[in-house]
Amino acid sequence: ADDAPLLEVNNIEVIYNSVILVLKGVSLSLKKGGITALLGGNGAGKTTTLKAISALLRSERGEVTKGSILYRGEKVQDLNPSELVKRGVIQVMEGRHCFEHLTVEENLLTGAYTRGDGRAKVEADLELVYTYFPRLKERRKSQAGYTSGGEQQMCAIGRAMMARPETILLDEPSMGLAPQLVEEIFGIVKDLNEREGVSFLLAEQNTNVALRFAHQGYILESGRIVMDGKADALRENPDVKEFYLGMS
Ligand code: ATP
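Model, not experiment: these values are computed from the prediction.

Chemist: Just to check I follow, could you spell out the state of the cysteines for this structure?
Modeler: Here, disulfide denotes a covalent bond that connects the sulfur atoms of two cysteines. Tallied over the entire structure, the rule returns 0 disulfides. No disulfide involves Cys98; its nearest neighbouring cysteine sulfur is the one of Cys155, lying 3.5 Å away. When its relative accessible area of 1% is taken as the criterion, Cys155 is described as buried.

Chemist: Hey, could you run me through the nonpolar core in this one?
Modeler: Nonpolar side chains tend toward joint burial in soluble globular proteins. Membership of the largest hydrophobic core comes to 51 residues, with the highest contact counts inside it found for Phe133, Leu136 and Ile168. Once residues lying within four places of it in the same chain are set aside, the contact partners of Ile168 are Ile90, Val92, Ala160, Met161, Val198, Ser199, Phe200 and Leu201. Core analysis: the next-biggest nonpolar cluster, separate from the first, contains 29 residues, Val9, Val14, Ile53 and Leu169 among them.

Chemist: I would appreciate a short explanation of the sheet that holds strand E5 (residues 74-75) in the present structure.
Modeler: Read from one edge of the open sheet, 4 strands run E2-E1-E4-E5, paired in antiparallel fashion. Each end of this open sheet is capped by a strand with a single partner; those strands are strand E2 (20-30) and E5. Pairing of strand E1 (residues 7-16) with strand E4 (residues 62-71) involves 8 bridges; the strand directions are antiparallel. Residue Leu7 lies in a different strand from E4, and its bridge partner there is Tyr71. This element, helix H1 (residues 46-54), spans E1, E2 and E4 of the sheet and lies at about 110° to E1.

Chemist: Please clarify how helix H7 (residues 179-196) should be interpreted in this entry.
Modeler: Each turn of an α-helix holds 3.6 residues, which means side chains three or four residues apart point in the same direction. For H7, built from 18 residues, the straight-helix expectation of 26 Å at 1.5 Å per residue is met to within 8% by its first-to-last C-alpha distance of 25 Å. Those residues of H7 lying buried are Leu181, Val182, Ile185, Phe186, Ile188, Val189, Leu192 and Asn193. All buried residues of H7 project into a common sector of 150° when viewed along the axis, lining one side. In H7, the exposed positions that point more than 90 degrees away from the buried face belong to Pro179, Gln180, Glu194 and Arg195. Of the residues one or two after H7, Gly197 is the one with positive phi, at around 75°.

Chemist: I'm lost on the packing of helix H6 (residues 149-161) against H7 in this one. Help?
Modeler: Two quantities define a packed helix pair, namely the angle between the helix axes and the distance between the axes. In the contact formed by H6 and H7, the axes pass within 10 Å of each other and the chain directions differ by 15°. With respect to their mutual orientation, H6 and H7 come out roughly parallel. Note on packing geometry: the crossing formed by H6 with H7 is right-handed. Contacts from Gly150, Gln153, Met154, Ile157 and Met161 in H6 reach Leu181, Glu184, Ile185, Leu192 and Glu196 in H7.

Chemist: How should I be thinking about the site of the ligand in this particular structure?
Modeler: Surveying the vicinity of the ligand reveals 16 residues, the closest of which are Asn42, Gly43, Lys46, Thr47 and Thr48. A distance of 2.5 Å is found between an oxygen atom of the ligand and a side-chain nitrogen or oxygen belonging to Thr48. A distance of 3.4 Å separates an oxygen atom of the ligand from a polar atom in the side chain of Glu172. The fraction of the free accessible surface of the ligand (630 Å²) that becomes covered by protein chains is 68%. Residue assignment for the shell around the ligand shows that the elements contributing at least two residues are E2 and H1.

Chemist: Please explain the side chain of Glu151 as it appears in this structure.
Modeler: Locating Glu151 in the fold gives a position in helix H6. Leaving out residues up to four positions away in the same chain, Glu151 has contacts with Arg135, Leu136 and Arg139.

Chemist: Teacher, can you tell me more about unusual backbone geometry here?
Modeler: Residues apart from glycine generally show negative phi values, whereas peptide bonds are mostly found in trans. In this model, Arg164 sits at a positive phi of 55°, which is unusual for a non-glycine residue. Structurally, Arg164 can be placed in the loop between H6 and strand E7 (167-171). Phi at Ser222 takes a positive value of approximately 45°, unusual for a residue other than glycine. In this structure, Ser222 sits in the loop between strand E9 (216-221) and strand E10 (224-230).

Chemist: Quick question: what am I supposed to make of helix H4 (residues 119-132) here?
Modeler: In a regular helix each residue adds 1.5 Å, so 14 residues correspond to 20 Å; H4 covers 20 Å between its end C-alpha atoms and thus fits that length. Three or more residues of H4 are buried, namely Val122, Asp125, Leu126, Val129, Tyr130 and Tyr132. Seen end-on, H4 carries its buried residues on one side only, within an arc spanning 155°. Turned more than 90 degrees from where H4 packs its buried face, Ala120, Lys121 and Thr131 sit exposed. The secondary structure elements touched by the buried residues of H4 are helix H3 (104-110), helix H5 (134-138), H6 and H7.

Definitions and cut-offs
- Residues numbered from 1 in each chain as written.
- Predicted model: local features only at pLDDT ≥ 70, side-chain atom pairs only at ≥ 80, totals over all residues.
- Heavy atoms only, no water.
- Disulfide = S-S within 2.5 Å.
- Buried < 20%, exposed > 50% of the residue type's maximum accessible area, 1.4 Å probe, protein only.
- Core = buried A, V, L, I, M, F, W, Y, C linked by side-chain atoms within 4.5 Å.
- Contact = heavy atoms within 4.5 Å.
- Pairing = 2+ DSSP bridges.
- Helix = DSSP H or I, 4+ residues; strand = E, 2+ residues; numbered from the N terminus.
- Axes fitted to C-alpha atoms, helices over the stretch in contact; angles between N-to-C directions.
- Expected span 1.5 Å × (residues − 1).
- Arc of directions from axis to C-beta.
- Parallel < 35°, antiparallel > 145°, perpendicular 65-115°, else oblique.
- Left-handed = near helix turned anticlockwise from the far one by under 90°.
- Near = heavy atom within 4 Å.
- Polar contact = N/O pair within 3.5 Å; in protein donor to acceptor, adjacent residues only side chain to side chain.
- Areas by Shrake-Rupley, 256 points an atom, 1.4 Å probe, with all protein chains shown as cover.

Right under this line is the structure:
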């Protein structure tokens, strides 16, 4: 049914290097067409949760030792990252991760490599990305390493869009950016969600901005979800106000 969650994380435990227990039973879900915020302070386990979903944990000697991860109702935790991309799930890593020596446009084109489509479709998607990120069009011939932090964040999201994802796992998009730019980037995320139907699971320390743009939120503390609910309800919750909304 359409009400079934797109992504379902059920009580997962994650251990690094066979000994360091970081996630102690995390459950969350993402609806199709939803924006879900995963909130919490430094080291709470947000990045670990995203990487568990996108299968990027293994390269860091991390392992999901309990629980399950379902995408469209199918178990996906034994897939590799490129198989997840093929199913429509892609992660934008914290810290932007553009290829510094490539131009902005070359970076965007690398995002299309998993697709078997011809040049024309890729060109059309490039134009689509430029309609959401006009700044990237202006900077398309610039070496990515010489663009601003905000432009690099846009480039990383644009590159993910080039894979035609159904779901983007977005790690800490506000990191290191001035408030105005944070608003701009979240505004674009909202547009991509509403007009292109892309679902987002976004990890953020900036509770304030994340809960304004998200539909649903989860708060993670030391590897456990301590609170969850609709974004509006969380924003009005006294504990959230006291412990999280003051922070940012
Ligand atoms: P941040 O905003 O700082 O990225 P976070 O909520 O995303 O925080 P994680 O990066 O998931 O948190 O880290 C959660 C915990 O796991 C931290 O205590 C961190 O030190 C530990 N950790 C992360 N990566 C590894 C790793 N590769 N090996 C061992 N421990 C790790």
